[in-house]
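These are the residues of each chain, in order.
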Amino acid sequence: MTEQHGREVEPNQELQEAWTEICESLRAEIGEASYQSWIKPMRLIGLDGGAVRTGVPTRFMREWIQAHYQDRLSELLGSRGLKGGIDVVIHQEHGAPARPDIKPAGAGKDAEASSGPVNGNGNGTHYDDIGAPLDARYTFDRFVVGKPNEFAYAAARRVAEADVVPFNPLFLYGGVGLGKTHLMHAIAWHLRKTRPDRSVIYLSAEKFMYRFVRALREHNTVDFKEQFRSVDVLMVDDVQFISGKESTQEEFFHTFNSLVDQGRQIVISADKSPNDLEGMEERLISRLNCGLVADIHATTYELRLGILQAKGEHMGVEVPLKVMEFLAHKITSNVRELEGALNRVVAHHQLVGRDITLETSQDVLHDLLKASERRVTIEEIQKRVSTHFNIRVSDMHSARRARSVARPRQVAMYLSKQLTSRSLPEIGRKFGGRDHTTVMHAVKKVEELREQDSSFNEDVELLRRMLEG
Ligand code: ADP
Ligand code: MG
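Residues numbered from 1 in each chain as written. Chains lettered and ligands numbered in written order. Predicted model: local features only at pLDDT ≥ 70, side-chain atom pairs only at ≥ 80, totals over all residues. Heavy atoms only, no water.

1. Things to note about the overall build of the chain
Thought 1: Of regular secondary structure, the chain possesses 21 helices and nine strands.
Thought 2: Among the 469 residues that make up the chain, the fraction classed as buried is 47%.
Thought 3: Considering only intrachain contacts with a sequence separation of at least 6, the fraction spanning at least 24 residues in the chain is 74%.
Thought 4: Looking at the chain as shown, the accessible area adds up to about 23200 Å², and 49% of this sits on carbon and sulfur atoms. (Helix = DSSP H or I, 4+ residues; strand = E, 2+ residues; numbered from the N terminus. Buried < 20%, exposed > 50% of the residue type's maximum accessible area, 1.4 Å probe, protein only. Contact = heavy atoms within 4.5 Å. Areas by Shrake-Rupley, 256 points an atom, 1.4 Å probe, with all protein chains shown as cover.)

This is the structure in structure tokens:
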């Protein structure tokens, strides 16, 4: 796996010193744990052309470093006059690597490289081996807290800072793009920094399943169990993925129990509450319900504005308040899309060099806005909901209070609140001149029912999708 390369110049003392300095400044930036894992094992080989060549023992490490540290390393080298960038190669004569325990990630493609001393002893297993990479941007200090997510945030912080497991599991749930993964990574980052002795594994449920299936295939389930059962903190993201996958659930259940019994922390995320996860075994659901269940609600205007401000600051770009207000108002689906919109506006500004204004933003986001422009009207909602529940549209305005018409009416009010920008009094007026408190009550009621009754929840979700699509 050693790569052939041309004119290499042995590192002279000057280069060696520069390299040491750079590593030290990176150490201060990324923290001790990451430094020990990734930077320290890098070996300075020399100069090749203008580039500083370094070696690492495995492909996995090379990829990781390229993804996370290469840009910064190049910058730091550049600031010392070494403008040719950095090369990371896999270096077999790596001596005794600082990380003999690390095994290349990925399945077959790296099999030949795993003949080294991997997983020497059971408890030496390193989390990076089975976990997934963490996104460097997903830290607590870059998570903007507002009403919709303050509970989930507080719970996540608690887990990250606690000495004794405060609740088990922490179950985070909420819709797409609302910050579940961000919070999980933040817990992991925090622990890596403050408790580098603890092994923390973050991975998606999909990856968990993939690992499990592979272990089955390779008759290696003992190792698989060992790996997972010796961690201090296990975080499994998007657990809805294993719905309907019985043997994976079974294995997960046992892993889960064994960790809980040993007092290890578990953090789970999903797109629904435990009770609403379909195709999950009853005993698993009840286990998931045992700890703290924290949901992340849809964003509010204020939170969206806060996130935009924070991101703008981070990008070092002055985005006019008017533009941020506009985005926060228009892009309501989720934070990922909001970020995407801001990125586009900023990228355009940087490429074309035009100031960021309301007009340029509208231009740049033309297609995006058109999609969210297709706003439904209250009349359409009333029509759709009536058809769905098989009642007359006139019953939306009528004074009848029978459950069979009152409930659909409440659903329609709820959807009007969700899908239009009408105020509560405006909505009330469109429903036979009802009071805004009636609308408020309907919204609450439907929210409650959505939590309690999964088939009702599906009905509402279906209606919402039809109306939006
Ligand atoms: P989920 O896992 O719930 O689908 P993510 O955690 O991947 O969502 O979040 C989507 C994007 O939005 C990420 O880039 C994340 O950093 C960002 N994001 C979500 N919530 C917040 C928040 N409260 N503050 C800052 N960024 C956020
Ligand atoms: Mg996610």
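More follows now that the structure is in view.
2. Let's talk about the packing of aromatic side chains
Thought 1: Tallying each qualifying case throughout the model produces nine aromatic pairs.
Thought 2: Plain terms: the ring middles of Phe 143 and Tyr 153 are 5.9 Å apart, the flat faces sit at 5 degrees to each other, and that makes the pair stacked. Here Phe 143, found in the loop between helix 5 (127-130) and helix 6 (150-161), pairs with Tyr 153, found in helix 6; they are 10 residues apart in sequence, far enough to count as distant. Each member of the pair, Phe 143 as well as Tyr 153, carries the same accessibility label: buried.
Thought 3: Three or more aromatic residues joined by ring pairs form one cluster here, namely Phe 208, Phe 212, Phe 224, Phe 228, Phe 252 and Phe 256.
Thought 4: Taking the ring centre of Phe 140 as reference, the NZ or CZ of Arg 157 above it sits at 4.6 Å. (Phe/Tyr/Trp six-rings, centres within 6.5 Å; stacked < 30°, edge-to-face > 60°. Lys NZ or Arg CZ within 6 Å of the ring centre and 35° of its normal.)

3. Remarks on the pattern of salt bridges
Thought 1: A full pass over the atoms with the stated rule returns 24 salt bridges.
Thought 2: The partner of Arg 53 in a salt bridge is Asp 87, with the nearest N and O atoms 3.4 Å apart. Placement of the pair is Arg 53 in strand 3 (residues 51-56) and Asp 87 in strand 4 (residues 86-90), with a sequence separation of 34 residues.
Thought 3: For Arg 53, a relative accessible area of 6% corresponds to the buried category.
Thought 4: Of the residues examined, Asp 87 reaches a relative accessible area of 30% and is grouped as partly exposed.
Thought 5: The network of salt bridges with shared partners includes Glu 29, Arg 72 and Glu 75. (Salt bridge = Lys/Arg side-chain N within 4 Å of Asp/Glu carboxyl O.)

4. Remarks on the pairing of strand 8 (residues 265-270)
For a regular strand, side chains alternate in direction, first toward one face of the sheet and then toward the other.
Thought 1: With respect to burial, strand 8 is a largely interior element, six of its six residues being buried.
Thought 2: What you see with strand 8 is no split at all: Gln 265, Val 267 and Ser 269 on one side and Ile 266, Ile 268 and Ala 270 on the other are buried throughout.
Thought 3: Across four bridges, the pairing between strand 7 (residues 233-237) and strand 8 is parallel. Residue pairing across strands places Leu 234 opposite Ile 266, the latter belonging to strand 8.
Thought 4: Chirality of the crossover, the property in question, places the unit of strand 7, helix 10 (residues 246-261) and strand 8 among those that are right-handed. (Pairing = 2+ DSSP bridges. Right-handed = clockwise from strand over helix to strand, strands pointing away.)

5. Brief notes about the site of ligand 1
Thought 1: With respect to spatial proximity, 18 residues lie near ligand 1, and among them Val 144, Gly 177, Thr 181, His 182 and Arg 336 are the closest.
Thought 2: Gly 179 places a polar main-chain atom, nitrogen or oxygen, 3.1 Å from an oxygen atom of ligand 1.
Thought 3: If ligand 1 stood free it would expose 560 Å²; the protein chains cover 95% of that surface.
Thought 4: The set of elements that each furnish at least two residues to the shell around ligand 1 consists of helix 7 (180-194), helix 12 (301-315) and helix 14 (335-352).
Thought 5: Its residues assigned to classes, the shell around ligand 1 shows seven nonpolar, six polar and five charged. (Near = heavy atom within 4 Å. Polar contact = N/O pair within 3.5 Å; in protein donor to acceptor, adjacent residues only side chain to side chain. Nonpolar A, V, L, I, M, F, W, Y, C, P; charged D, E, K, R; others polar.)

6. Overview of the sheet that holds strand 8
Sheet strands line up and pair through hydrogen bonds in the backbone, either parallel or antiparallel.
Thought 1: One open sheet accounts for five strands, arranged 6-7-8-5-9; its pairing is parallel. Only two strands of the sheet have a single neighbouring strand rather than two, namely strand 6 (200-204) and strand 9 (292-296). Taken pair by pair, the neighbouring strands of this sheet meet at an average axis angle of 15 degrees, ignoring direction.
Thought 2: Looking at chain direction, strand 6 and strand 7 are connected through five bridges and run parallel. Of the residues in strand 7, the one forming a bridge with Ile 201 is Leu 234.
Thought 3: Packed onto the sheet, helix 6 meets strand 5 (170-174), strand 8 and strand 9 and runs at close to 135 degrees relative to strand 9. (Axes fitted to C-alpha atoms, helices over the stretch in contact; angles between N-to-C directions.)

7. Some words on the environment of Gly 433
Thought 1: You can see Gly 433 is positioned in the loop between helix 19 (424-430) and helix 20 (436-452).
Thought 2: Separated by 35 residues in sequence, Gly 433 and Ser 398 place their C-alpha atoms 9.5 Å apart.

8. Considerations on the packing of helix 8 (residues 205-217) against helix 10
For any two helices packed against each other, one specifies the inter-axial angle together with the distance between the axes.
Thought 1: Orientation of helix 8 relative to helix 10, taken along the N-to-C sense of each, is 100 degrees, at an axis distance of 10 Å. When the axis of helix 8 is compared with that of helix 10, the two are roughly perpendicular. Facing helix 8, whose interface residues are Phe 208, Met 209 and Phe 212, helix 10 presents Ser 247, Thr 248, Glu 251, Phe 252 and Thr 255.
Thought 2: Its residues assigned to classes, the contact of helix 8 with helix 10 comprises four nonpolar, three polar and one charged. (Parallel < 35°, antiparallel > 145°, perpendicular 65-115°, else oblique.)

9. Structural notes on the pairing of strand 5
Thought 1: Among the five residues of strand 5, five are classified as buried, and the element is accordingly described as predominantly covered.
Thought 2: Residues Leu 170, Leu 172 and Gly 174 point to one face of strand 5 and Phe 171 and Tyr 173 to the other, with burial holding for every one of them.
Thought 3: Here four bridges tie strand 5 to strand 8, and the two strands are oriented parallel to one another. What sits directly across from Leu 170, in strand 8, is Val 267.
Thought 4: In this structure, strand 5 lies alongside strand 9, joined through five bridges in parallel fashion. Paired with Leu 170 across the bridge in strand 9 is Leu 292.

10. A word on the side chain of Lys 180
Thought 1: Within the element layout of this structure, Lys 180 appears in helix 7.
Thought 2: Buried charge Lys 180 goes without a salt bridge, the closest partner of opposite sign being Asp 238 at 5.1 Å.
Thought 3: A polar atom in the side chain of Lys 180 sits 2.9 Å from the backbone oxygen of Gly 174.
Thought 4: When residues no more than four places from it in sequence are discounted, the contact partners of Lys 180 are Leu 172, Tyr 173, Gly 174, Gly 175, Asp 238, Ser 269, Ala 270 and Ile 296. (Lys, Arg positive; Asp, Glu negative; His and termini not counted.)

11. Details of the nonpolar core
Thought 1: Grouped together as the largest cluster of nonpolar side chains are 30 residues, with contacts concentrated most on Phe 171, Leu 234, Val 236, Val 239, Phe 252 and Ile 268.
Thought 2: Every element with two or more residues in this core is listed here: strand 5, strand 6, helix 8, helix 9 (221-229), strand 7, helix 10, strand 8 and helix 11 (282-288).
Thought 3: In contact with Phe 252, not counting residues within four places along its chain, are Phe 208, Val 236, Val 239, Ile 242, Ile 268 and Leu 284.
Thought 4: Within the second largest apolar cluster, 28 residues are counted, among which are Phe 143, Ile 187, Ala 188 and Leu 191. (Core = buried A, V, L, I, M, F, W, Y, C linked by side-chain atoms within 4.5 Å.)

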